[in-house]
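Chains, contacts and geometry: an overview
Each chain is listed here by its residues.
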Amino acid sequence: MTNSPEKIPDSNRASTTTETAAVPVTAPEFEELVEPRSENRLALEGGVWHQISPKYVTVQLISTGSFLLIVIAATLVLALLMHQLWAWIPGGIMTVILAWTLAILPRQARAIGYQLRDDDLVFRRGILWQRFVAVPYGRMQLIDITHGPLDRGFGIAQLKFVTAAAATGVVIPGLAQSTAETLRDHLVEVAESRRTGL
């Protein structure tokens, strides 16, 4: 159902048009897309599902872990040095939330995937709260690549698709920089050809 191919082909059928041209993938991906175990889950469709880079987990662990250390340090300073005992309550709550976030982060990252189909791009994420979004190629108005300093250090970026309806905006995090750029160029080309009716 999922794999890490050297190219990102159209997932339903081969075509000779530029709309379904293959997009090369140069970075490793997770080996398997994680699905919820419930029988009532939103099932994955057939075709090739592509995943994000494992470096995304490292970046998120560093950023969330750093914030957790700041919360713990601030709580200890307020409670022990300044004798503000109320600081234990919000500090403890924040520590539990951040520790839980760190614990489930790798599984959450393995549940993120996207699929290129004939007429749209399908994005999915989530295990407890699943989200499936199909973005038609002809509706894409803006395709944006963003990455912060930590992302650049690990060579990853996030790709954002904006449509006329703000609610249908999709962000694919943790793509390798080269994959994000190639996918952006491919999607811009396909979107242009769909809008002009070619």
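Heads up: the structure comes first, above all this text.
Calculation criteria
Residues numbered from 1 in each chain as written. Predicted model: local features only at pLDDT ≥ 70, side-chain atom pairs only at ≥ 80, totals over all residues. Heavy atoms only, no water. Buried < 20%, exposed > 50% of the residue type's maximum accessible area, 1.4 Å probe, protein only. Helix = DSSP H or I, 4+ residues; strand = E, 2+ residues; numbered from the N terminus. Pairing = 2+ DSSP bridges. Core = buried A, V, L, I, M, F, W, Y, C linked by side-chain atoms within 4.5 Å. Contact = heavy atoms within 4.5 Å. Patch = residues over 30% accessible without salt bridge, like charges linked within 9 Å, V, L, I, M, F, W, Y side chains within 5 Å. Areas by Shrake-Rupley, 256 points an atom, 1.4 Å probe, with all protein chains shown as cover. Salt bridge = Lys/Arg side-chain N within 4 Å of Asp/Glu carboxyl O.

Some words on the pairing of strand E7 (residues 142-146)
Residue alternation in E7 divides its side chains into a buried set, Ile143 and Ile145, and an unburied set, Leu142, Asp144 and Thr146. Relative to strand E8 (residues 156-162), E7 runs antiparallel, the two sharing five bridges. Bridging from a neighbouring strand, Ile143 pairs with Phe161 of E8.

So, the pairing of strand E9 (residues 170-176)
Regular strands have side chains that alternate between both faces of the sheet. Judged by how many residues are buried, E9 sits mostly within the fold: six of seven residues are covered. Two elements, E8 and E9, share five bridges in a ladder whose sense is antiparallel. From the neighbouring strand, Ala157 faces E9, where its bridge partner is Leu175.

A few points about the nonpolar core
Ranked by internal contacts, the top residues of the largest apolar core, which has 29 residues, are Leu121, Met140, Leu159, Phe161, Ile172 and Leu187. Taken together, the elements giving at least two residues each to this core come down to helix H1 (55-81), strand E4 (113-116), strand E5 (120-125), strand E6 (131-136), E7, E8, E9 and helix H4 (177-196). At five residues, the largest contribution of residues to this core is made by H4. Each residue touching Phe161, except ones within four places of it in the same chain, is listed here: Leu121, Met140, Leu142, Ile143, Gly169, Val170, Ile172 and Leu187.

Focus: unusual backbone geometry
Here the phi dihedral of His83 falls at roughly 55°; this positive angle occurs in a residue that is not glycine. Tracing the backbone through its elements, the reader meets His83 in the loop between H1 and helix H2 (88-110). His83 sits in the exposed class, given a relative accessible area of 62%.

Let's talk about the sheet that holds E4
Across a sheet, strands are paired by hydrogen bonds formed along the backbone, either parallel or antiparallel in direction. The four strands are arranged E3-E4-E5-E6 in an open sheet whose pairing can be described as antiparallel. The two strands at the open ends of the sheet, each matched to only one other strand, are strand E3 (50-51) and E6. As defined by bridge partners, E3 adjoins E4 across two bridges and the pair is classed as antiparallel. In the strand pairing of E4, Gln51 is matched with Gly113.

Overview of a nonpolar patch on the surface
A grouping of Leu69, Ile72, Leu76, Val77, Leu80, Leu81, Met82, Leu85 and Trp88 is seen on the molecular surface, where their side chains present a nonpolar patch of about 900 Å² in accessible area. Looking at the secondary structure, you find Leu69 in helix H1. Since its relative accessible area comes to 58%, Leu69 is described here as exposed.

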